[in-house]
Amino acid sequence: MRRGGTALALLGLAAAVAFPLLTTRVTWQNAAILMMMTAQLGVAWNILGGYAGQVSLGHAAFFGAGAYVSTLLSVKLGVSPWLGMGAGAVVAAGLGVLVGTPCFRLKGHYFAMATIAVGEIVQALVNGSDALGGAVGFNLPLGETGFWGFVFNRSKLPYYYIALGLLLATVGVNWIVNRSHVGYYLRAIKDEPDAARSLGVSLTRYKMIAMILSAGLTAMGGTLYAQKELFIDPGSTLSTSLSIKIALVAILGGAGTLWGPVLGAVVLTAIEEATRIAFGGTGRGTDLVVYGALLVVIAVFQPSGIAGLFTRRAPRPPAPPEPEARFP
Amino acid sequence: MSAPLLEVRGLTKRFGGLTANEDVGFTLREGEIMGLIGPNGAGKTTVFNALAGFFPPTSGTILLDGAPVEGLPPEAIAARGVARTFQIVRIFRSMTVLENVMVGAMLRHRAVPKAAVVARETLDFTGLGRRAHDPAAQLTVAEQKRLELTRALATGPRLLLLDEVMAGLTASEVQEAVELVKRIRDRGIACVVVEHVMEGIMPIADRMVVLENGRKIAEGPPAAISVDPNVIRAYLGEGYLAPGP
Amino acid sequence: MTVELLLQTLLSGILFGLVYALVAIGLTLIFGVMDIVNFAHGEFLMFGMYAAFWAFALWGLDPIVTLPLTTLLLFAVGVAVYRLVIRRITDAPMLSQIFATFGLMIFFRGLAQYLWKPDFRSVDHTIVAGKVAFAGLQFGLPQVVAAGGAVLTTAAVWAFLRFTRLGAALEATAADKEAAALMGIDAQKMFALAWGIGAACAGVAGALLATYYPIFPEVGSTFILVAFVLVALGGFGSVVGAFWAGILVGIVEVMGGFLWDPAYKMVLVLSLYLIVVWFRPQGLMGKA
Ligand SMILES: Nc1ncnc2c1ncn2[C@@H]1O[C@H](COP(=O)(O)OP(=O)(O)OP(=O)(O)O)[C@@H](O)[C@H]1O
Ligand SMILES: [Mg+2]
């Protein structure tokens, strides 16, 4: 698996770098950018939700923090969005600490529900705040500004390569985490938190490290989104359905694996776009029907995610014995 | 003279109305093996949970090298050199055997390659070396218990708390486990061994503490404990006060 | 502000909270029995509303009259969802369960759009139209009837769990699957039953709401969030907890909208929930 995985990754990388040479169709380029942005979010989520097993369904709050901080800084103060990206990451990491402090005491579903609540609170607060653009949101100024200004009109290619770069950087962070003691500790926490503690692992400390990395990287994706779309509002950057989609990407590909979320993003975006193109025109929800049905089918038949197809299936622990007799 | 490695005084733990430990006290010296026995529900695991910091005692003191540690969280206690196993095994199921032990080794060796070397050595010491690269979930129950012990040992403890590591093992496996505990002691690591099976613990313990209904009912060398009428009553009931088999 | 106005607001909050609670007890029942959070639960409610609506639009039957049929229909839908999908992911990891029920949610919303168009619809006359006056206060009759129906249904579910053999079996399965299996309880049947009852509760809520609330394919999204809060607040799996949490949240919601700003009423509800789980992670009435 390991060698095959590396080969596959290199092949994918080569294809990704060369992709714009193969097509100049804007729709295809857009789809590819979308795919990579989605993948980056899934990979960022994976540090917390996959490795550490803390299933967050509120990551849109971090995404939105990235989008809003860089946008506000550039619209109001003329700060370069590249600096805004860093600032957004810091704000999101701070928000992550704020969220993690109460929520890390919660387990499993309780944690997931609490993060939904946090995401919804952030969305409602922004929705109601005039200073933050309220429900209307912000338009970013159009007009080619070059690299430092982070707005590209003549061609979408700069966005493509920035998205690719950000994705690779995020995968790189995952790779480093995964190979350091932090990665081992996160997986230990996910498997058996009490046993991890008995070996000297501080749960809050390491969950918090995962949260900070995950939130910060997610926010960077948010800034990229704002610069590419040049428009943000609570609905598109802070909604719970975005949070869930971020999680779905990682789950679909295989949570807790390095390349799973990337695979997941490719497949999910492909399904989404294909169903939209094939059935979306009717405006009657056919695309949703197909998309939803496919999600269910995948969840039922490939519960460990697509990455599970490539790994040897570890034998299941022996099933508990069947009841001997029934007393009706 | 220096303080004993571990000193427990007046340890009491209540869960709501239920008293799981009441006024338990004992001391342990460096490199000693202590057996902690008692019938089901006597409060043995509860003592471990208090020692390892899993929950603070209702009252009482726990001194490690003379410094109070009660109420500290498990990770802090682990850092001070106390390691434990769990009665119901809690191995990391998504990892290999080696990785499990590496997580333990990382307490003293953060660098992954160094942790791997330490983990490997520890596995060889406990006799699990040949299974190093197998998924932990594939081990037999006996091997899983040994893996937990190895993982705890890899943290470089001075005190090891073993909760029924011999339960459910075959006679020859019990023999191996007994040998292993002796070799651990020979490394200068003190052990508190909780067992139901007296045969496992009697030959190696320097001293025994017996709990019943949360209270200490006897303490002393194994030979004395095995003929102590209180202990025999606790284990076998009133009718068996005549010398046992 | 007058005392009447305050009381009026408070009581209307409770009336709505009771309907919230009815949606939530289905969700909490399913969770309690099989540890699955059903993201598609709001869509059961939506189906209940559409069932009531079409019976009214096609045959002129009042939602209250067709309530028993709607209940049965949704019970069948719940069992069918269990049989076709959920049964296959019972032992899957939590992540893929989220994935599956979220997929169901999208599927059902799409289906509703496809079949019934994304329009807003309403039942424009019903036998429960009008107002009731009570101690100088005035309430819409549909709201009062809906709240009353919600209380009756909640009580019925509670009594079922508490006083019937089948209910006891369901509770036993929730408490300990293995032990229940050893007593000869067929877990699969219990799971199906939980889904049936859970969906039926949402269906009842939908039919009751249909008398005064707009009906559209995404209507479930409004309710599912509050239902999640109630389930977590009341304690995952606790029917009684969800009931009290419903009342509490209903009050907080209207009072928040009344005293502060309607735009922030959800902020208040969600913050309340976070504060409660901070002190009691298992919720108000959940087992630790
Ligand atoms: N977390 C807890 N909450 C409530 N009661 C508990 C808890 N842990 C243990 N108890 C109770 O405390 C008493 C002592 O339990 P403990 O597990 O310490 O016994 P033990 O001697 O280890 O028994 P065994 O030999 O069966 O392992 C028992 O009655 C048990 O039910
Ligand atoms: Mg025990």
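Preceding block: the structure.
Not measured: the values here are computed from a predicted model.

Conventions we followed
Residues numbered from 1 in each chain as written. Chains lettered and ligands numbered in written order. Predicted model: local features only at pLDDT ≥ 70, side-chain atom pairs only at ≥ 80, totals over all residues. Heavy atoms only, no water. Helix = DSSP H or I, 4+ residues; strand = E, 2+ residues; numbered from the N terminus. Contact = heavy atoms within 4.5 Å. Polar contact = N/O pair within 3.5 Å; in protein donor to acceptor, adjacent residues only side chain to side chain. Axes fitted to C-alpha atoms, helices over the stretch in contact; angles between N-to-C directions. Parallel < 35°, antiparallel > 145°, perpendicular 65-115°, else oblique. Nonpolar A, V, L, I, M, F, W, Y, C, P; charged D, E, K, R; others polar. Buried area = accessible area lost by both parts, 1.4 Å probe. Salt bridge = Lys/Arg side-chain N within 4 Å of Asp/Glu carboxyl O. Donors = N, O, S within 2.8 Å, 3.2 Å for Na, K, Ca; no water. Buried < 20%, exposed > 50% of the residue type's maximum accessible area, 1.4 Å probe, protein only. Pairing = 2+ DSSP bridges. Patch = residues over 30% accessible without salt bridge, like charges linked within 9 Å, V, L, I, M, F, W, Y side chains within 5 Å. Areas by Shrake-Rupley, 256 points an atom, 1.4 Å probe, with all protein chains shown as cover. Lys, Arg positive; Asp, Glu negative; His and termini not counted. Charge placed at Lys NZ, Arg CZ, Asp CG, Glu CD.

1. A short note on the environment of threonine 101 of chain A
Mapped onto the secondary structure, threonine 101 of chain A falls in helix H4 (residues 81–103). Linking threonine 101 of chain A and leucine 217 of chain A, residues 116 residues apart in sequence, is a C-alpha distance of 19 Å. When residues no more than four places from it in sequence are discounted, the contact partners of threonine 101 of chain A are Met208 of chain A together with Trp278 of chain C. At 2.6 Å, the side chain of threonine 101 of chain A and the backbone oxygen of valine 97 of chain A are in polar contact.

2. With respect to the packing of helix H6 (residues 157–179) of chain A against helix H9 (residues 203–229) of chain A
Residues and elements named next belong to chain A. Contact pair H6 / H9: the axes reach a minimum separation of 11 Å and the direction vectors enclose 175 degrees. Relative to H9, the element H6 is oriented roughly antiparallel. When H6 is examined against H9, the residues Tyr159, Ile162, Ala163, Leu166, Thr170, Val173 and Val177 are found in contact with a partner set consisting of Leu213, Leu217, Met220, Gly221, Leu224, Gln227 and Lys228. Grouping the constituent residues of the contact of H6 with H9 by class yields 10 nonpolar, three polar and one charged.

3. A closer look at the interface of chain A and chain B
At the junction of the two partners, chain A supplies 21 residues and chain B supplies 26 residues. Taken together, the two surfaces of chain A and chain B that pack against each other cover about 2,100 Å², and 63% of this comes from carbon and sulfur. Looking at the side of chain A facing chain B, the largest losses of area belong to Tyr184, Arg197 and Leu199 of chain A, adding up to 31% of the total buried there. Run the count over chain A and chain B and you get two salt bridges. Along the contact surface separating chain A from chain B lie six residue pairs in polar contact (both at pLDDT 80 or more). Those elements that provide at least two residues to the side of chain A that touches chain B are helix H7 (181–191) and helix H8 (193–198) of chain A. Top element by residues in the side of chain A that touches chain B is H7 of chain A. It accounts for six residues. Classifying every residue of the side of chain A that touches chain B by side-chain character gives 10 nonpolar, five polar and six charged.

4. Concerning the coordination of the magnesium ion (ligand 2)
Residues and elements named next belong to chain B. Of the protein atoms, only Thr45 (OG1) and Gln87 (OE1) coordinate the magnesium ion (ligand 2), at distances of 1.9 to 2.0 Å. Of this pair, threonine 45 sits in helix H1 (residues 44–51) while glutamine 87 sits in the loop between strand E6 (82–84) and helix H3 (97–105); the two residues are 42 residues apart in sequence, bridging distant segments of the chain. When its relative accessible area of 24% is taken as the criterion, threonine 45 is described as partly exposed. On the basis of relative accessible area, glutamine 87 is assigned to the partly exposed category, the value being 35%.

5. Details of the sheet that holds E6 of chain B
All names here are of chain B. Overall, mixed pairing links the six strands, which are arranged E6-E7-E8-E3-E9-E10 in an open sheet. A strand with exactly one partner marks an edge of an open sheet, and here the two such strands are E6 and strand E10 (215–220). Ignoring which end each strand starts from, the neighbouring axes of this sheet average 20 degrees apart. Contacts from H1 reach strand E3 (33–37), E6, strand E7 (159–163), strand E8 (190–195) and strand E9 (207–212) within the one sheet, and its direction differs from that of E7 by about 150 degrees.

6. Comments concerning a nonpolar patch on the surface
Residue and element names in this part refer to chain C. A cluster of nonpolar side chains, Trp158, Phe163, Val240, Trp244, Leu248, Leu284 and Met285, forms an exposed patch at the surface whose accessible area comes to about 670 Å². Within the residue set of the nonpolar patch, elements represented by two or more residues are helix H5 (141–163) and helix H10 (239–259). Considering each element in turn, the nonpolar patch owes the most residues, three residues, to H10. Here methionine 285 shows up in the segment after helix H11 (265–279).

7. Examining the interface of chain A and chain C
Facing the 47 residues of chain A at the interface are 51 residues of chain C. Between the two partners, chain A and chain C, sit zero salt bridges. Counting the contacts that link chain A with chain C gives four residue pairs in polar contact (both at pLDDT 80 or more). Secondary-structure elements contributing two or more residues to the side of chain A that touches chain C are H4, helix H5 (108–128), helix H11 (240–253) and helix H13 (286–301) of chain A. Element by element, the count of residues in the side of chain A that touches chain C is highest for H5 of chain A, at 14 residues. Per-class residue counts for the side of chain A that touches chain C are 34 nonpolar, nine polar and four charged.

8. A look at a positive patch on the surface
Taken together, the side chains of Arg83, Arg87, Arg88 and Lys189 of chain C define a basic patch exposed on the protein surface. Among the residues examined, arginine 87 of chain C registers a relative accessible area of 32% and is labelled partly exposed.

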